[in-house]
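# Structural characterization, general
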Amino acid sequence: MNARALLLAMAVAATWAQVSPERIRNADREPGNWLTYSRTYSGHRYTPLAEITAANVGQLRAAWTYQIQQPGKFSSSPIAIDGILYIAEPGGEVAALDGRTGRPVWRYARRPPPDLHACCGASNRGLAVLNDLLFVGTLDAHLLAIDLQTGKLRWDAVVADYRAGHAVTVAPLAFGDKVLVGIAGGEYGIRGFLDAYDANTGRRLWRFWTVPGPGEAGHETWSGDSWKTGGAPTWITGSYDPELNTVYWGTGNPGPDYNGDARQGDNLYSCSLIALDADTGKLRWHFQFTPHDVNDWDSTHVPMLVEENGRKLVVVANRNGFYYVLDRTTGAFIRGVQFGRQTWASGLDAKGRPIRLPDTEPTAEGRMVYPGFHGTTNWFSPSFSPLTGLVYVAVREEPAYFSKQKMTYSAGQWFSGGNPRGVEKVEPTGSIRALEHATGKLVWEFPLKSPPWAGLMATAGGVVFGGSSEGMFYALDAASGKPLWHFGTGGAIFANPVSFLVNGRQHVAIAAGNALFAFALPDAVVPQL
Amino acid sequence: MRRWALGLVAWVAVSAQTPRDLFVAHCAGCHGPAGEGSRGPALKVSALQRANDVDSLVALLRRGIPGTEMPAIAAEVVADQPLRALAAYVLGLRTNNRDAASGRLGRGAELFRGKGKCMSCHRVTGEGSVAGPDLSDIGSLREPQWLRRAVIEPEADVYDSFAGYRWTIPLPDNYLLVEVTTKRGDRVAGSRLNEDAFSIQIRDGEGRIRSFLKSEVAELRRQWGKSPMPSYRDVFSAGELDELVAYLASLRGLR
């Protein structure tokens, strides 16, 4: 046979491998692939694949495991394209894996600068893809474009100066001809922003400052010069409504975290959901969940775009303990309800603003509040199933003593203004809760032992997958919450599950400990094609 | 942001930074990732106005340019030796180096794309095919003499064995030509991306990544020492070969 002739037949760049913007926008047409962080731009982390069902998930087996090469907290949500998985390792290196066997087919390696510091441990939550490029952020705050087919670096854009406390841990969001990336560093007194880059060249197209500067609307919500170190980072991937051409992105805590004395006011747009014009980055509306936050309750959540009787909504289960339903065209507050334990607010007023209880702010000695600084939920993804109409949230129940102290800002240094601590004789715990999406009403609950750090994925097979801090990857019945299956990965899970097809067979994958695990049903359960 | 891992995690440098790393860290923010200029002036010019040799440029980098946004780089940030390397790197971005000035690189690039039809198998910065190796950074991986021989005698340096350097997981066993015949009778030829006792991954004739379990394979033929690349000995003149090799050697990738 003539291998030469066959290879020469590859005369043009293979266009089948191109992930056009239309493919991602119409992700439901190819349910076997996972083309953006939450699979679709709506932020649902739901798969239409239904080979694995509530009836057969009990027979799910590990298909393969891939051990990562870089140290850190492995939180990557893989991208899956035509049977190949792409993962970002904690330091921002990228590997392409055969989805059938877990064997690597290429790797992009990169050395971080020697003086790099990273808040909260090295971590990277994943990649974006567009056309023939993968996009990954790095701990030294670069955004890289990697050749999808060969793993070579194609462009390298400096997002911000890592020496001032900036880092990129978020999975970028790519649509149209651009790639959006947020910034981390809310504990280092950065001034937060959300950036858009030209996907082809890495040129920055726009930047939205999440802390408004002098002369901009919202600047008056910061006293003195506090805006300069105002925080409001953007370290979790947002959602996108192509019809409204609007991006929805959550923002983090104001800085310093626990001491609000020097930043009097509401501190816009910290702890908010911002809705931006996708073309210009101009603010369409904002909704602030926790005005003048002093508890580190970042609102860095994946916003879920849902509907109710044809009305376009966006819903958020927030770190502050409340579940919010907003009109995503106008930003109007529709309703909000408590979904987890909290002791700091008596409720929400007619406009959705929390009614703070007296004596709940941090003091020098410390004051106990539910939730603690990790919140009632955290960055890990919620999930929405259009089949059940339920929103699934991993809920944390853990109080903290919040104390505040004076802290002087020094570029690149820790700037939290306090030091929260755990509460004696209280064992932190957690649960998975299913809420009616339009009302937030609790439908079922599955108790966990420890507060979770893993996201959820609902499936068309009537299953919800999740992970525990003890390292169990598990499946619950989406309708009842009944546990159906679990598997011990041997490492704590700080990641979100995904699902994809390999040779027509449904797989589920999750990062756990220092490995990526993939699962599928045995051939006996699903006859081979 | 969460704080369960309170405190700073210090990264231990595996090895010293390359000049390219330093450029990205200290210069690219204003002068652009490839020195094309953005907030700061372009460095891809025929000559730098203020410092056009290594010594002058090192001195300039140490003191910055007062009255402009160009900062000084202190010795605690970049030590003397790496700073000299950075200065040399920056000067290397100029467009008047000998090859560029003589037009050799441009002619080499034309030969690569045109007469050599190299991009029907190779890829450079996202253009071309993925049948053969991506050459975007081949100039930083191989010496010019090696590249010259690879062009006229493609099979001369194709490995007869992968023993000794590719037995671990991180580096895939790639570019061996293989032909897989499945038990169903399908035949797929391509270049190997990776292999172990139980499976093999290849890039097939359409550039698609295919994965086969050994249990499905009736026959696996490895074409040791073979290259699908024809010899260019009779295609290029000696002068053209020089130009092509100069072009290949100039492909340094971004890192």
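It should be emphasised that the depicted structure is a prediction, and the values quoted were computed from it without experimental measurement. (Residues numbered from 1 in each chain as written. Chains lettered and ligands numbered in written order. Predicted model: local features only at pLDDT ≥ 70, side-chain atom pairs only at ≥ 80, totals over all residues.)

## Examining the overall build of chain A
- When its secondary structure is counted, chain A shows two helices and 40 strands.
- Taken against the 2.2 N^0.38 rule, which gives 24 Å for 529 residues, the C-alpha radius of gyration of chain A at 22 Å falls within 12% of a compact globule.
- Its C-alpha atoms give chain A principal-axis dimensions of roughly 80 × 50 × 45 Å.
- Residues classed as buried in chain A amount to 61% of the 529 residues present.
- Across chain A, contacts joining residues at least 24 apart in sequence account for 59% of those joining residues at least 6 apart. (Helix = DSSP H or I, 4+ residues; strand = E, 2+ residues; numbered from the N terminus. Rg over C-alpha atoms; globule rule 2.2 N^0.38 Å. Buried ≥ 20, exposed ≤ 12 C-beta atoms within 10 Å, placed from the backbone. Contact = placed C-beta atoms within 7 Å.)

## Remarks on the sheet that holds strand E23 (residues 311-317) of chain A
Residues and elements named next belong to chain A.
- With antiparallel pairing, the four strands of this open sheet are ordered in space as E22-E23-E24-E25. Looking at which strands have only one partner, the edges of the open sheet turn out to be strand E22 (304-308) and strand E25 (333-338). Taken over all neighbouring pairs, the strand axes of this sheet differ in orientation by 25° on average, direction set aside.
- In the sheet, E22 pairs with E23 via five bridges, with the strands oriented antiparallel. Across the sheet, glutamate 308 pairs through a bridge with arginine 311, a residue of E23. (Pairing = 2+ DSSP bridges. Axes fitted to C-alpha atoms, helices over the stretch in contact; angles between N-to-C directions.)

## A closer look at the confidence of the model for chain B
Residue and element names in this part refer to chain B.
- Confidence along chain B averages 82 in pLDDT terms, with 84% of residues attaining 70 or more.
- Ranking the elements of chain B by mean pLDDT puts strand E1 (residues 8-10) last with 31 and strand E8 (residues 217-222) first with 95.
- Here residues 1-15 is a poorly scored stretch, pLDDT under 50, and it has 28 contacts once near neighbours within four places are set aside; other chains count.
- The ipTM, which scores confidence in the relative placement of chains, is 0.81 for this predicted complex, and the corresponding pTM is 0.85. (pLDDT = per-residue confidence, 0-100.)

## Focus: the sheet that holds strand E39 (residues 505-512) of chain A
Residue and element names in this part refer to chain A.
- Taken in spatial order, the four strands of this open sheet run E2-E40-E39-E38, and their pairing is antiparallel. With partners counted over all chains shown, the strands left at the sheet margins are strand E2 (61-67) and strand E38 (498-502), one partner each. Sheet twist, expressed as the average angle between the axes of neighbouring strands with direction ignored, equals 30°.
- Where E2 meets strand E40 (residues 515-520), six bridges bridge the pair, whose relative direction is antiparallel. When the sheet's bridge partners are listed, alanine 62 is paired in E40 with phenylalanine 519.

## Re the packing of helix H6 (residues 104-113) of chain B against helix H8 (residues 238-250) of chain B
Residue and element names in this part refer to chain B.
- For the pair H6 and H8, interaxial distance at closest approach is 7 Å and the crossing angle is 95°. Classified by the angle their axes make, H6 and H8 are roughly perpendicular. Each of Arg104, Leu105, Arg107, Gly108, Ala109, Leu111 and Phe112 in H6 lies in contact with H8, whose residues at this interface are Glu240, Glu243, Leu244, Ala246, Tyr247 and Ser250.
- Looking at side-chain class alone, the contact of H6 with H8 contains seven nonpolar, two polar and four charged residues. (Parallel < 35°, antiparallel > 145°, perpendicular 65-115°, else oblique. Nonpolar A, V, L, I, M, F, W, Y, C, P; charged D, E, K, R; others polar.)

## A look at the environment of valine 77 of chain B
All names here are of chain B.
- One can find valine 77 in the loop between helix H3 (54-63) and helix H4 (80-92).
- Residue valine 77 is classed as partly exposed on the basis of its 15 C-beta neighbours within 10 Å.
- Sequence separation of valine 77 and histidine 26 is 51 residues, and the distance between their C-alpha atoms is 9.8 Å.

## Quick word on the pairing of strand E17 (residues 204-209) of chain A
Residue and element names in this part refer to chain A.
- Both strand E16 (residues 193-198) and E17 contribute to a ladder of five bridges, which runs antiparallel. Note on E17: the bridge partner recorded for aspartate 195 is arginine 207.
- Between E16 and the antiparallel strand that follows it, E17, lie five residues; glycine 202 among them carries a positive phi value of about 85°.

## A closer look at the environment of glycine 29 of chain B
- For glycine 29 of chain B, the position within the fold is in helix H2 (residues 28-31).
- Between the alpha carbons of glycine 29 of chain B and glycine 40 of chain B there is a distance of 8.5 Å; along the sequence they are 11 residues apart.

## Brief notes about H4 of chain B
All names here are of chain B.
- Here H4 spans 18 Å end to end across 13 residues, near enough to the 18 Å set by a 1.5 Å rise per residue.
- When we look at burial in H4, the residues that qualify are Leu83, Leu86, Ala87, Tyr89 and Val90. Seen along its axis, H4 keeps its buried residues to an arc of 160°; they face one direction. Exposed positions of H4 whose direction lies more than 90 degrees from the buried face are Gln81 and Gly92.
- If you follow the buried residues of H4, they end up packed against helix H1 (19-26) and H3. (Expected span 1.5 Å × (residues − 1). Arc of directions from axis to C-beta.)

## Re the environment of alanine 59 of chain B
- Topologically, alanine 59 of chain B is positioned in helix H3.
- In this structure, the C-alpha to C-alpha distance between alanine 59 of chain B and alanine 72 of chain B, residues 13 residues apart in sequence, is 9.6 Å.

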